[in-house]
Amino acid sequence: MDIKILFPDSKEISFPSGTTAAEAVKAWSGDTLPHWVAVKINKQPVDLSYPIQGDARVEGIDIASTEGLSILRHSISHVMAQAVQDVFPGAKVSIGPSIEDGFYYDFEYKEPFTVDDFDKIEKRMKEIVAADNPFIREELPRASAVKLFEERSENYKVELINDLPEDIKVVSIYKQGGYIDLCRGPHIPSTGIIKAFKLLSVAGAYWRGNEKNQMLQRIYGTGFANENELQDYLTLLEEAKKRDHRRLGRELDLFQVNEEAGAGLIIFHPKGMMLRYLIEDWEKKEHLKRGYDMVMGPQILKADLWKKSGHFDHYRDNMYFTEVDEQDYGIKPMNCLSHMLIYKSKIRSYRDLPLRYFELGTVHRHEKTGVLHGLLRVRQFTQDDAHILCTPEQLNSEIIAIADFVKYAMKIFGFEYEVELSTRPENSIGSDADWELATSALENALKDNNISYEVNEGDGAFYGPKIDFKLKDVLKRKWQCATIQCDFTLPERFDLHYIGADGEKHRPVMLHRVILGSIERFIGVLIEHYAGAFPVWLSPTQCILLTVTDKHIPYAQTVHDRLIEAGIRSERYFDNEKLGYKIRQAQMQKIPYMLVIGDKEVEAGTVAPRSRDGKNMGSIAVDEFINMIKDQCEKKQ
RNA sequence: GCCGAUGUAGCUCAGCCGGUAGAGCAACUGAUUCGUAAUCAGUAGGUCACCAGUUCGAUUCUGGUCAUCGGCUCCA
């Protein structure tokens, strides 16, 4: 019986049923296979060796496409698993998927792998690639598959099969050379297709991502269609390292983390603090424009209050406690409690709502040692925090206003971001009805605003669901900055109310929200985002005066005085060095403008600005320069 | 917290099989007074993360602690 196959160019060809995808594609393309690593049969990705049984539409998966690369990398992970088992007999395999930019495979082995083992593993992988072994797919009944992997002592694979839903009766395995893996596929036709790969790092990873389980050893690697692309990627990684905020923080003298002071505690140097001041100053003004009131609570509050709020029961492990006059106090990990007390300080009318309390609140959280990371994950940080107390009717418009605020702020700094909706976690307080109400309030606001988002099941705060806005760091790790959390529970626990138009008491709803999130984290991401070359309005130093020789110092000093007087962040560099050297130093400090002062400038009473992108602006009047800087600050450039 | 790696001058790194340490850059001093990404010379700088142990002797070997890095779990 013949089947009809429709190809991408709309050509339709008949083949005998059971013709493989590869044969069909060859017949269509004229004996040579295009750069396809697999195909889609009726939208379903399958191997090139797949026998086509009925009428079908065939599309190619090019090795250069996202999907193709992902298949290639997944196949490389199998080759790596084979190599690891060849080099380290007894190593057990578990899972090995492709991921963004590469792949990994998790193993159990009696000895730890180190990067020094990579040479041996890569060498063996190259042999496997050279052998050009085909990837052979086989399907077998569950029971046989279990038996197969039991015989091979692959207990992780057995566990995976046993945990499959009951209606799955047949599983697929892939063989290449002597290696067998449980796998859905598809794979590249044979190992010889692999042209460029590299093992990158080794790390521990819990089996199935659960910290109660056995820790396995994960080897990360990457692969590309050709050597050039691999080299480009490795170069990119090197470049990314140069943007790392921890490195730039030191080079630009912004901050330090000091072992003597303690882990996860940031010490801001003058330039880092200036950057922080500029951000905070901008933010305060933006909040006042949007109807927020600035407030401030204490750093420690009695433990009983934390018990009342539920933090003691649900957040204690992350809190620090202290004792004052034989009374227990909790150091605040969040700013909400004081804000609740401010609300409660008098009777509120529905006419007062919404109330928006804003605080640059410094909080302490006990983070596990292994998670600390530069400015991005610390133990003390300051949130641009606000709590909005409003009527249920006001909820939607308040959420939308916050989402707009976030959008505006991100645009000022030029950030792209992803949005996630996080729902009720296991360890939480409040009624099902309230959670449902809160979650749908957030979800509706997103939908009303046409904001695309992903749902993050069970990732909400213990008191309410949240909308998270995530920024990416230079190594593509995502960090939550802005968040909006909807809370029906704390107003309940603190018995907040307002008098409605009907003269009755009603319960307000509370929104917790941050725009930049943690100022520390935001600065960390910001440093990487700008690669340390901050726009003029944020640069701790906006310009630096470079004298050509010592005799230009007196005039340069008068220029400096004028700039400082005008509110420009100017620095002097009057050292006895050649101009070229000073320019190089200023360039490495990424200062937006270097002002060269030589004979010409002294004579004409001007400055000669050179921007950090190398443009020479010639001699201009000092006032002209001042106005230019002010204009750029105004425009947030 | 877990797995692995690492910790030597301000920074980047050398330092073999145990005999108390070096380079480049930065810093400081002097000379030079110079026009758009590195002038020359000299000087100084280290409880080799910390604490034990083995040893005649430990930066080196062993154990512990602390910190950092890459992940995992967790999270702003």
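(A) Expanded view of the overall build of chain A. Assigned secondary structure in chain A consists of 19 helices and 34 strands. The principal-axis extents of the C-alpha atoms in chain A amount to approximately 90 × 75 × 55 Å. The burial tally for chain A puts 51% of its 637 residues in the buried class. Pairs at least 24 apart in sequence give 68% of the contacts found in chain A among residues at least 6 apart. Carbon and sulfur atoms provide 49% of the accessible area of chain A, an area that totals close to 30,600 Å². Each charge sign in chain A was given a centre, from 82 positive and 98 negative side chains, and these centres are 2 Å apart.

(B) Region of the structure containing the nonpolar core. Among the nonpolar cores identified, the biggest contains 61 residues, and Leu395, Ile399, Phe413, Ile467, Leu516, Phe522 and Leu538 are the most heavily contacted of them. It is helix H12 (residues 395–413) that provides the largest number of residues to this core, a total of nine residues. Those residues in contact with Leu538, other than ones at most four positions away along the chain, are Leu275, Leu278, Ile279, Phe413, Leu526, Tyr530 and Arg569. Leu72, Met80, Phe118 and Phe135 belong to the second largest nonpolar core, which has 36 residues in total.

(C) Up close: the side chain of Glu398. Here Glu398 lies in helix H12. Here Arg356 takes part through its side chain, which lies 2.8 Å from a polar atom of the side chain of Glu398. If sequence neighbours within four positions are ignored, Glu398 has contacts with Pro354, Arg356, Ile388, Cys390 and Leu511.

(D) Seen up close, helix H1 (residues 21–29). Buried within H1 we find Ala21, Ala22, Ala24, Val25 and Trp28. Considered in projection along H1, the buried side chains sweep an arc of 165° and stay on one side of the axis. Buried residues along H1 sit in contact with strand S1 (2–6), strand S2 (12–16), strand S3 (36–41) and strand S5 (56–62). Positioned one or two residues after H1, Gly30 has a phi angle of 90°, which is positive.

(E) The arrangement of the protein's contact with RNA strand B in detail. Lining the immediate surroundings of RNA strand B are 54 residues, of which Tyr206, Thr369, Gln480, Asn576 and Arg584 lie closest. Side-chain polar atom of Thr369 to a phosphate oxygen of RNA strand B: 2.4 Å apart, as the coordinates give it. Between RNA strand B and the protein, one listed contact pairs a phosphate oxygen with a side-chain N or O atom of Tyr581 at 3.4 Å. Mapped onto the surface near RNA strand B, the elements with two or more residues apiece are strand S12 (196–206), strand S13 (215–224), helix H7 (245–251), strand S26 (478–487), helix H17 (579–588), helix H18 (599–604) and strand S33 (606–611). Taken together, the residues of the surface near RNA strand B break down into 19 nonpolar, 14 polar and 21 charged.

(F) Molecular detail of the pattern of salt bridges. In this structure the tally under the stated criterion is 41 salt bridges. A salt bridge links Lys332 to Glu359; the shortest N-O distance between them is 2.9 Å. Here Glu359 lies in strand S21 (residues 355–364) and Lys332 lies in the loop between strand S19 (327–331) and helix H11 (336–344), a separation of 27 residues in the sequence. By relative accessible area, Lys332 is classed as buried at 2%.

(G) Up close: a negative patch on the surface. Where like charges cluster on the molecular surface, the negative patch consists of Glu323, Asp325, Glu326 and Asp328. If you trace the backbone, Asp325 turns up in the loop between strand S18 (320–324) and S19. Asp325 gets classed as exposed once you look at its relative accessible area, which sits at 70%.

(H) Representation of the domain arrangement of chain A. Assigned domains of chain A: these are domain 1 (2–58), domain 2 (67–240), domain 3 (282–529) and domain 4 (543–634). On a C-alpha basis, the centres of domain 2 and domain 3 stand 42 Å from each other. Counting residues at the interface gives four residues for domain 2 and five residues for domain 3. Taken together, both faces of the contact between domain 2 and domain 3 bury some 340 Å²; the carbon and sulfur share is 45%. Considering only the side of domain 2, the residues that lose the most area to domain 3 are Glu100, Asp101 and Ala240, jointly responsible for 77% of the buried surface there. When the shortest N-O distance is used, the salt bridge between Lys368 and Glu211 registers 3.9 Å. One can count one residue pair in polar contact (both at pLDDT 80 or more) joining domain 2 with domain 3.

(I) Region of interest: unusual backbone geometry. With an omega dihedral of -5°, the bond running from Gly185 to Pro186 counts as a cis peptide bond. Mapped onto the elements of the fold, Pro186 is located in the loop between strand S11 (179–182) and S12. Not every positive phi belongs to a glycine, and Ser10 is a case in point at roughly 70°. Within the secondary structure layout, Ser10 lies in the loop between S1 and S2.

(J) Seen up close, the side chain of Glu520. Topologically, Glu520 is positioned in helix H15 (residues 519–529). Of the residues examined, Glu520 reaches a relative accessible area of 3% and is grouped as buried. For Glu520, the residues in contact, after removing those within four places along its chain, are Ile266, Phe268, Arg276, Leu375, Gln380, Phe381 and Thr382.

(K) Structural view of the sheet that holds strand S17 (residues 300–302). Spatial strand order, S17-S19-S18: three strands in an open sheet with antiparallel pairing. Looking at the sheet topology across the chains shown, the edges are occupied by S17 and S18. Sheet twist, expressed as the average angle between the axes of neighbouring strands with direction ignored, equals 40°.

(L) Geometry of the pairing of S26. With nine of its ten residues buried, S26 lies for the most part within the structure. Across six bridges, strand S25 (residues 466–472) lies against S26 in antiparallel orientation. Paired with Asp468 across the bridge in S26 is Thr483. In this structure, the hairpin formed by S25 and S26 is closed by a connection of five residues, where Lys476 is found at a positive phi of approximately 70°. Across five bridges, S26 lies against strand S29 (residues 509–518) in antiparallel orientation. The partner of Asp487 across the bridge, within S29, is Met510.

(M) Highlighting the environment of Ile515. By the element assignment, Ile515 lies in strand S29. In the structure, Ile515 is positioned 110 residues away from Phe405 in sequence and 7.4 Å away in space, judged by C-alpha atoms. Setting aside anything within four residues of it in sequence, one finds Ile515 in contact with Glu283, His287, Asp384, Ile402, Phe405, Val406, Ala409, Met410, Cys481 and Ala482.

(N) Looking closely at the sheet that holds S26. Within the open sheet, the eight strands sit side by side as S16-S21-S22-S29-S26-S25-S23-S24. Their pairing is mixed. Here the strands that pair on one side only, and so sit at the sheet edges, are strand S16 (293–294) and strand S24 (454–456). The pairing of strand S23 (residues 418–422) with S24 spans three bridges and is parallel. Bridge pairing in S24 places Glu420 opposite Glu454.

(O) A look at the packing of helix H4 (residues 142–151) against helix H5 (residues 155–162). Contact geometry for H4 and H5: axes closest at 8 Å, N-to-C directions at 165°. The angle between H4 and H5 places the two elements in the roughly antiparallel class. Here the hand of the crossing between H4 and H5 comes out left-handed. In this structure, H4 contributes Arg142, Ala145, Val146, Phe149 and Glu150 to the contact, and H5 contributes Lys157, Val158, Ile161 and Asn162.

Definitions and cut-offs
Residues numbered from 1 in each chain as written. Chains lettered and ligands numbered in written order. Predicted model: local features only at pLDDT ≥ 70, side-chain atom pairs only at ≥ 80, totals over all residues. Heavy atoms only, no water. Helix = DSSP H or I, 4+ residues; strand = E, 2+ residues; numbered from the N terminus. Buried < 20%, exposed > 50% of the residue type's maximum accessible area, 1.4 Å probe, protein only. Contact = heavy atoms within 4.5 Å. Areas by Shrake-Rupley, 256 points an atom, 1.4 Å probe, with all protein chains shown as cover. Lys, Arg positive; Asp, Glu negative; His and termini not counted. Charge placed at Lys NZ, Arg CZ, Asp CG, Glu CD. Core = buried A, V, L, I, M, F, W, Y, C linked by side-chain atoms within 4.5 Å. Polar contact = N/O pair within 3.5 Å; in protein donor to acceptor, adjacent residues only side chain to side chain. Arc of directions from axis to C-beta. Near = heavy atom within 4 Å. Nonpolar A, V, L, I, M, F, W, Y, C, P; charged D, E, K, R; others polar. Salt bridge = Lys/Arg side-chain N within 4 Å of Asp/Glu carboxyl O. Patch = residues over 30% accessible without salt bridge, like charges linked within 9 Å, V, L, I, M, F, W, Y side chains within 5 Å. Domains from an automatic or database assignment. Buried area = accessible area lost by both parts, 1.4 Å probe. Pairing = 2+ DSSP bridges. Axes fitted to C-alpha atoms, helices over the stretch in contact; angles between N-to-C directions. Parallel < 35°, antiparallel > 145°, perpendicular 65-115°, else oblique. Left-handed = near helix turned anticlockwise from the far one by under 90°.

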